[in-house]
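The lines below spell out each chain.
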Amino acid sequence: GTLYEALKDDPHWPPYLVEMTGIGERAGKLEEVMKNLSLYYEREGRIRRAINSAVAYPLVLGVMLLLVVLVVLIQVLPVFRRVLNSMGVAMSASGAAMMTVGDVIGWVVLALGLIILVLAVVIMVLMHTGKREKVQQFLQSRFPAVKKLSMKLSASRVASVLSMMLSSGFPLDEALDMVPALLPDKTAAHEIDKIRQQMSEGVAFGDALGQSALFDEIYGAMVRMGIATGHEDQVMKKIATVYEEQVEEGISNLVSIIEPTMVAVLSIVLGAILLSVMLPMAGIVSSIL
């Protein structure tokens with residue numbers, strides 16, 4: 001048999017690699033396709049590591065900060081209450097209300113934080129199962145930043161696939177016909193279908209690419225220049241690299257926003273909890289003195 005048939009019979013190989021192997025065998029450029037697949041999976045590995053680090057660090061930070069809140073609620077606040085009770089001075093109604101509010105704020109924040117952490121862990125687990133596509137659609141519909149990064153990631157993959165196929169000798173029309181079947185993101189596949197439909201109506205590939213929601217308009221101009229000079233595969237490879245860099249930069253920016261926001265919110269919560277105890281205590285001490 002062929003290498004494609006052998007890989008297809010083994011479920012451990014990624015479907016994308018299997019299908020591209022079949023394409024390379026039919027085109028008579030299997031060696032070139034394998035080299036391009038190597039570059040493709042190196043790029044996928046860099047993006048995956050960036051996503052994993054972007055998710056893991058805020059989760060660890062969130063767990064640590066929630067543990068601090070839990071220790072304050074369970075260990076620190078009872079000590080303050082015992083100190084207040086040992087003074088033998090009646091607490092005012094406003095002071096008692098303030099302590100109650102501090103308790104409520106602490107437990108509410110702790111409960112919300114635990115719910116968010118559990119959801120994050122569940123999402124990470126589901127992303128490694130057959131529910132990956134549904135999870136991606138849910139995240140894209142709820143979080144615009146995630147949708148933007150997902151579109152850029154899909155654009156990088158589309159450009160990489162087209163570059164690989166064009167450099168392997170496939171005509172543009174045939175390459176576009178094969179791309180949707182190789183994409184896990186249905187939104188990106190739909191955009192490719194729209195590009196194909198526009199081309200069937202007489203629109204040039206560069207123009208259809210620029211009008212797509214998947215690619216920025218400037219890349220349509222780059223593709224037109226690449227087609228004019230006969231280097232469209234190199235142009236698509238450059239576009240894939242640019243989008244990959246934008247995805248990595250976007251992930252870094254998202255993490256740089258999440259981390260200080262989590263620290264600021266939980267610091268405010270801790271301050272509110274401690275003030276709810278310290279202020280009544282300070283009032284009682286001042287009344288004694």
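A few points on the structure. Per chain, residue numbering runs from 1 following the sequence as it is written. With the structure being a predicted model, the display of local features is reserved for residues of pLDDT at least 70 and the display and counting of side-chain atom pairs for 80 or more, all residues being used for whole-chain, interface and lining totals. Where side-chain values are given, they derive from all heavy atoms of the structure, hydrogens and water being excluded.

**Considering the overall build of the protein chain**
- The way it works is that DSSP assigns letters per residue, a run of H or I at least four long becomes a helix, a run of E at least two long becomes a strand, and they are numbered from the N terminus. Regarding its fold elements, the protein chain presents 11 helices and 0 strands.
- Written out in order from the N terminus, the α and β elements of the protein chain read α-α-α-α-α-α-α-α-α-α-α.
- Throughout, exposure labels follow a simple rule: accessible area from a 1.4 Å probe, protein chains only, divided by the maximum for the residue type, with under 20% read as buried, over 50% as exposed, and the rest as partly exposed. When burial is assessed residue by residue, the protein chain has 40% of its 289 residues classed as buried.
- Should any heavy atoms of two residues lie within 4.5 Å, those residues are counted as being in contact. Look at the contacts in the protein chain between residues 6 or more apart in sequence, and 65% of them connect residues 24 or more apart.
- What sets the accessible areas is the Shrake-Rupley method with a 1.4 Å probe; for residues, cover comes only from the shown protein chains. Carbon together with sulfur atoms contributes 66% to the accessible area of the protein chain, which is approximately 16,100 Å² in total.

**So, the packing of aromatic side chains**
- For this analysis, a ring pair means two rings from Phe, Tyr or Trp (six-membered ring only for Trp) whose centres lie within 6.5 Å, classed as stacked if their planes differ by under 30 degrees, edge-to-face if by over 60, and tilted for the remaining angles. Applying the stated rule across the entire model yields 2 aromatic pairs.
- Between F215 and Y243, the ring centres sit 5.9 Å apart and the planes meet at 70°, which makes this aromatic pair edge-to-face. Of the two residues, F215 sits in the loop between α9 (205-211) and α10 (217-229) while Y243 sits in helix α11 (residues 232-288), which places them 28 residues apart along the sequence.
- Residues Y219 and Y243 carry aromatic rings whose centres are separated by 5.0 Å and whose planes lie at 55° to one another, so their mutual orientation is tilted. Of this pair, Y219 sits in helix α10 while Y243 sits in helix α11, placing them 24 residues apart in sequence.
- A residue is classified by how much of its surface remains accessible, and Y219, at 7% relative accessible area, is buried.

**With respect to α10**
- To estimate the expected span of a helix, subtract one from its residue number and multiply by 1.5 Å. An ideal rise of 1.5 Å per residue puts 18 Å on 13 residues; α10 measures up with 19 Å between its terminal C-alpha atoms.
- All buried positions along α10 are accounted for by Y219, G220, V223 and G226. The arc that holds every buried residue of α10, seen down its axis, measures 120°, which confines them to one face. The exposed residues of α10 that point more than 90 degrees off its buried face are E217, I218, M225, A228 and T229.
- In the segment just after α10, G230 is the residue with positive phi, at about 75°. This arc describes the spread of directions from the helix axis toward the C-beta atoms.

**Topic: the nonpolar core**
- Definition used in this section: a nonpolar core is a set of buried Ala, Val, Leu, Ile, Met, Phe, Trp, Tyr and Cys residues joined via side-chain atoms within 4.5 Å. Core analysis: the biggest nonpolar cluster contains 42 residues, and M165, F215 and I239 have the highest contact counts within it.
- Looking at which element gives the most residues to this core, the answer is helix α6 (residues 144-167), with 9 residues.
- Every residue in contact with F215, bar those within four places of it in the chain, is listed here: A155, V158, A159, L209, G210, I239 and Y243.

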